[in-house]
Amino acid sequence: MNNSDSHSAGVSELSPANIPAVPKTASPKAAALKARLGRILAASGVKSADRDDGPSHFTLGVDRIDAALRGNAGIDGLPCAALHEMHAADKSDRTSAAALALLLAQRCRALQPAHGPILWVSDNGEARRQGRLYPPGLAELGVEPSSLVHVDAPNSIAALRAAADGVRSPAMGAVIIELSGKKPRGLDLTATRRLSLSAQKSGVLCLLLRTGSDAENPLPTAAFSRWQVGPAPSVALAGNAPGYPAFDISLLRHRSGLYGLSARLEWNRDDQVFREQQEQDTPQSGTGPVLAAVRTDHPGTRAA
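Rules of the game
Residues numbered from 1 in each chain as written. Predicted model: local features only at pLDDT ≥ 70, side-chain atom pairs only at ≥ 80, totals over all residues. Heavy atoms only, no water. Helix = DSSP H or I, 4+ residues; strand = E, 2+ residues; numbered from the N terminus. Buried < 20%, exposed > 50% of the residue type's maximum accessible area, 1.4 Å probe, protein only. Contact = heavy atoms within 4.5 Å. Areas by Shrake-Rupley, 256 points an atom, 1.4 Å probe, with all protein chains shown as cover. Core = buried A, V, L, I, M, F, W, Y, C linked by side-chain atoms within 4.5 Å. Expected span 1.5 Å × (residues − 1). Pairing = 2+ DSSP bridges. Axes fitted to C-alpha atoms, helices over the stretch in contact; angles between N-to-C directions. Phe/Tyr/Trp six-rings, centres within 6.5 Å; stacked < 30°, edge-to-face > 60°. Parallel < 35°, antiparallel > 145°, perpendicular 65-115°, else oblique. Left-handed = near helix turned anticlockwise from the far one by under 90°. 1 Å grid on protein atoms, 1.4 Å probe; cavity = no way out; pocket = protein on both sides within 12 Å on 5 of 7 lines; lining within 4 Å. Points joined across faces, edges and corners; volume = space filled by probe spheres on them. Nonpolar A, V, L, I, M, F, W, Y, C, P; charged D, E, K, R; others polar.

Student: Any chance you could explain the overall build of the protein chain here in plain terms?
Tutor: In terms of helices and strands, the protein chain carries eight helices and 11 strands. Within the protein chain, buried positions represent 43% of all 304 residues. In the protein chain, 72% of the contacts between residues at least 6 apart in sequence involve partners at least 24 apart. Of the roughly 15,300 Å² of accessible surface on the protein chain, a fraction of 52% belongs to carbon and sulfur atoms.

What follows is the structure, given as structure tokens:
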């Protein structure tokens, strides 16, 4: 069919098979636009448009914070298909940072249709020093211990490899990799870029948990966001009962250039949501999350 025929023919005479989606003359331009769109999506940390199995972002449940985290994507909360860093404010704050990472993973995992397991990868040497995950402590936070798969890697390089394998699998609900020290072996821009790209491709949330890091001079990474986490005193409930676990969080870095965001959050295990502790609330010398309360020689520990 020549050009004159195409002008005279009615629409009903043209079958879909005979109509190219993009004219040949426009193909290079369309390809360039598609490639540019892919780069923009990759930079924003948003899942590709062809993935519709769940929301692209997860929220904390605190309107002020979720709205502030919109950034360039224009969607409340943080992207699921991305790498995020959680830094303990101090070495002794490892439990609080670990608990927050786990609860964020739980929030993201709950949005997925399949509710895949959370893969927790840690350096075996650090696990011996700090203690492993404590099932009763997980239950206190409202996290089902059976929803976690815990991997003890012999060193930080092996931990990064195991985490990379986990992030590539769409069957995972989330992946948490725990590394300690200012400069863990193998942790660099290349390794974190690999985790970030794998997360974008699979749609799996990846959280990098750091303890003993240098907040003033952190290692450069490809993380979408970087947070500092510390414990906070809880507020007593009715009858002077122990209050909810509380955290002080500060946003150190965000791909969209956000900064200066901080809050004191409480975790409600029944509603599975955070709430912002109000200024009029009176803290008690209170409770922190019970996440890693036993050592490896405790008979109740179990690693998968």
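Still to come is the rest of the account.
Student: Is there a simple way to think about unusual backbone geometry in this case?
Tutor: Unlike most non-glycine residues, H115 shows phi in positive territory, near 50°. The partly exposed category is assigned to H115, whose relative accessible area is 40%. We note that Q272 has phi near 55°; this positive angle belongs to a residue other than glycine. Take Q272: it is sitting in the loop between β10 (262-268) and β11 (273-276).

Student: What's the story with the nonpolar core in this structure? I'm lost.
Tutor: A general tendency of soluble globular proteins is for nonpolar side chains to be buried together. Ranked by size, the top nonpolar core spans 41 residues in total, and within it M86, I176, F247, I249 and F274 carry the most contacts. When residues of this core are traced back to their parent elements, those giving at least two are β3 (83-88), α4 (94-109), β4 (118-123), β6 (174-180), β7 (205-211), β8 (225-232), β9 (246-254) and β10. Ranked by the residues each element gives to this core, the list is headed by α4, at 10 residues. With 22 residues, the next largest nonpolar core counts I177, L195, A199 and L219 among its residues.

Student: Explain α4 to me, please; I cannot follow it from the model alone.
Tutor: Because each turn of an α-helix spans 3.6 residues, side chains separated by three or four positions in sequence point in the same direction. For α4, with 16 residues, the first-to-last C-alpha span of 22 Å sits near the 22 Å given by 1.5 Å per residue. Counting buried residues in α4 gives 15 out of 16 residues, a clear majority hidden from the surface.

Student: Mind showing me how you'd approach the sheet that holds β11 here?
Tutor: In sheet architecture, strand pairing relies on hydrogen bonds along the backbone and comes in two forms, parallel and antiparallel. Taken in spatial order, the nine strands make up an open sheet running β5-β4-β6-β7-β3-β8-β9-β10-β11, and their pairing is mixed. Edge positions in the open sheet fall to β5 (148-153) and β11, since each of these has one partner strand only. Strand after strand, the sheet turns through a mean of 25° between neighbouring axes, direction not considered. Where β3 meets β7, five bridges bridge the pair, whose relative direction is parallel. When the sheet's bridge partners are listed, H87 is paired in β7 with R210. Running over the sheet, α4 touches β3, β4, β5, β6, β7, β8, β9, β10 and β11 and is turned about 175° from β7. The strands touched by helix α7 (residues 156-167) within the sheet are β4, β5, β6 and β7, with β6 carrying the most contacts at an inclination of about 170°.

Student: Can you help me understand the packing of aromatic side chains in this one?
Tutor: Centre distance and the angle of the planes are the two values used to describe a pair of aromatic rings. Throughout the structure, instances matching the rule amount to two aromatic pairs. Consider the rings of F247 and F274, whose centres lie 6.4 Å apart with planes at 75°: the pair is edge-to-face. Placement of F247 in strand β9 and of F274 in strand β11 is noted, with a sequence separation of 27 residues between them.

Student: I keep staring at the packing of α7 against helix α8 (residues 189-202) and nothing clicks. Help me out?
Tutor: A pair of packed helices is captured by two measures, namely the crossing angle of their axes and the spacing between those axes. One way to put it is that α7 packs onto α8 with a least axis distance of 9 Å and a crossing angle of 15°. Classed by the angle they form, the pair α7 and α8 counts as roughly parallel. The two elements α7 and α8 cross, and the hand of that crossing is left-handed. On the side of α7, the interface is formed by L160, A163, A164 and V167, while α8 contributes A191, L195, S198, A199 and S202.

Student: Explanation requested: empty space enclosed by the protein in the structure shown.
Tutor: Using a probe with the size of a water molecule, rolled over the atoms, empty space left in the structure can be pinpointed. Under the counting rule described, the total for this entry stands at two cavities of 30 Å³ or more. Of the volumes computed, that of the largest cavity is approximately 50 Å³. Taken together, L60, L78, M86, L100, L104, W227 and I249 form the lining of the largest cavity. For the lining of the largest cavity, the residue count by class is seven nonpolar, no polar and no charged.

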